[in-house]
Amino acid sequence: MWFAVFSVGPLVAMFVIATLEWKGLIYEPHYTGTENIRHVLGDDVFLDALRNSAVQIAVVLPVMIPLAFMLGHHLSTRPRGYRVLSVLYFSPGLISISVTGMIFYGVLSPDGGANGLLRATGLDALTHSWLADPGTALPAVIAIDLWRGIGWTAVLFASRLSSVPGEVVEAARLDGAGTFRVMWQITFPMVKDYVRTLTMLQFLWTLFTSAALVLLLTKGGPGSSSTTLSYLVYEKAFAQSDLGYSQVVGVVLLLLGVVGMLLIHRLLRDRDPGEQTR
């Protein structure tokens, strides 16, 4: 009953609302059929949001997962000060999104820390309005995503890698395997299922939760240059009171999430020996 009411129910409601013209709970909804779908698919803002979300995923996952795995592998070897490193890596993920937005709004504003550092080092020509330029607004959001996620994910990898049998790694080193070969050819295949799980979770996190950071830093602008699909759902539902439009975008997000999960699972699945031979 709990699952039906709080999981299946909202999912069904999303598809139903996508067929309505509805401004909110105090207004009377009107059935419009597929009109909202045609409106969304013909809207340039939606196409920009779709492109921006695709760019965000295409940059964040290939950068974050390998870097986090390498940092996690380093932590799992317990170097000097590894406890302090673990805390430092983990801390960005503990900072609330509102505080993160405030910090980076100050860092990236025209008179903020980034431009101040450039001026102090004599690189005045490189100063920039990072959040007000269509060419740098989305990259800035992506960079903050990476800052928040790499360390957190690295600590999770380190926790999993600590369970890898030490004798296996020692045997590989006795056979002449270097650090990178041990990392990618010995330990990576042994924890590939965990890599797949974390990649799926990070994919969903990036796809569905970028709205908060975009809202705090750019509000989707300039224009729609940093609008993502999750932010568009918020903007249409709460700022423009167009629930039908927002839920169509929500359906698109759901479908992209399912397709992305299946694709990641296929790319990172463990192949059986017979399949590898073929």
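Because the structure is predicted, anything quoted here is derived from the model rather than measured.

J.: Looking at this model, I keep getting lost on the nonpolar core. Mind explaining?
T.: What tends to happen in soluble globular proteins is that the nonpolar side chains get buried as a cluster. Among the nonpolar cores identified, the biggest contains 35 residues, and Phe-46, Phe-69, Phe-157, Val-195 and Val-249 are the most heavily contacted of them. Every element with two or more residues in this core is listed here: helix H3 (44-76), helix H7 (137-161), helix H8 (166-174), helix H9 (179-190), helix H10 (192-208), helix H12 (229-239) and helix H13 (243-267). With 7 residues, the single largest contributor to this core is H3. One finds Ala-140, Val-141, Leu-213 and Tyr-231 within the second-largest nonpolar core, a separate group that totals 11 residues.

J.: Explain a nonpolar patch on the surface here, please?
T.: On the surface, Met-1, Trp-2, Val-5 and Phe-6 cluster together into a nonpolar patch covering about 570 Å² of accessible area. With respect to the element layout, Val-5 can be found in helix H1 (residues 2-17). Since its relative accessible area comes to 47%, Val-5 is described here as partly exposed.

J.: Sorry, what's going on with unusual backbone geometry here?
T.: Leaving glycine aside, a negative phi is the common case for residues, and trans is the common case for peptide bonds. Cis geometry marks the peptide bond from Gly-221 to Pro-222; its omega dihedral reads -5°. Relative to the helices and strands, Pro-222 resides in the loop between helix H11 (211-217) and H12. With phi around 50°, Ser-241 is a residue other than glycine that occupies positive phi space. Relative to the assigned elements, Ser-241 resides in the loop between H12 and H13. Using a relative accessible area of 30% as the deciding quantity, one classes Ser-241 as partly exposed.

J.: Explanation requested: the pattern of salt bridges in the structure shown.
T.: Oppositely charged side chains can pair when the atoms bearing their charge come close. Enumeration according to the criterion identifies 2 salt bridges in this entry. One salt bridge connects Arg-38 with Glu-35, and the closest N-O pair in it is separated by 2.8 Å. Of this pair, Arg-38 and Glu-35 both sit in helix H2 (residues 35-41), 3 residues apart, roughly one helical turn. Asp-48 is the salt-bridge partner of Arg-51, the closest N and O atoms lying 3.6 Å from each other. With Arg-51 and Asp-48 both in helix H3, this residue pair falls 3 residues apart, about one helical turn.

J.: Even after reading the chapter, I still don't get the packing of H3 against H7, so can you show me in this structure?
T.: A pair of packed helices is captured by two measures, namely the crossing angle of their axes and the spacing between those axes. As a packed pair, H3 and H7 sit with axes 7 Å apart at the nearest point and diverge in direction by 35°. Of the two possible hands of crossing, H3 and H7 adopt the one that is right-handed. In terms of residue class, the contact of H3 with H7 is built from 21 nonpolar, 7 polar and 1 charged.

J.: How do you make sense of H7 when you look at a structure like this?
T.: An α-helix turns once per 3.6 residues; consequently, residues spaced three or four apart project the same way. Taking 1.5 Å of rise per residue, 25 residues should cover 36 Å, and H7 covers 36 Å from first to last C-alpha, within 8% of that figure. Of all bends in H7, the biggest is about 25°, found at Gly-149. Buried residues dominate H7, accounting for 18 of its 25 residues.

Reading the values: rules and limits
Residues numbered from 1 in each chain as written. Predicted model: local features only at pLDDT ≥ 70, side-chain atom pairs only at ≥ 80, totals over all residues. Heavy atoms only, no water. Core = buried A, V, L, I, M, F, W, Y, C linked by side-chain atoms within 4.5 Å. Buried < 20%, exposed > 50% of the residue type's maximum accessible area, 1.4 Å probe, protein only. Helix = DSSP H or I, 4+ residues; strand = E, 2+ residues; numbered from the N terminus. Patch = residues over 30% accessible without salt bridge, like charges linked within 9 Å, V, L, I, M, F, W, Y side chains within 5 Å. Areas by Shrake-Rupley, 256 points an atom, 1.4 Å probe, with all protein chains shown as cover. Salt bridge = Lys/Arg side-chain N within 4 Å of Asp/Glu carboxyl O. Axes fitted to C-alpha atoms, helices over the stretch in contact; angles between N-to-C directions. Left-handed = near helix turned anticlockwise from the far one by under 90°. Nonpolar A, V, L, I, M, F, W, Y, C, P; charged D, E, K, R; others polar. Expected span 1.5 Å × (residues − 1). Bend = angle between axes of the 7 residues up to and from the residue.

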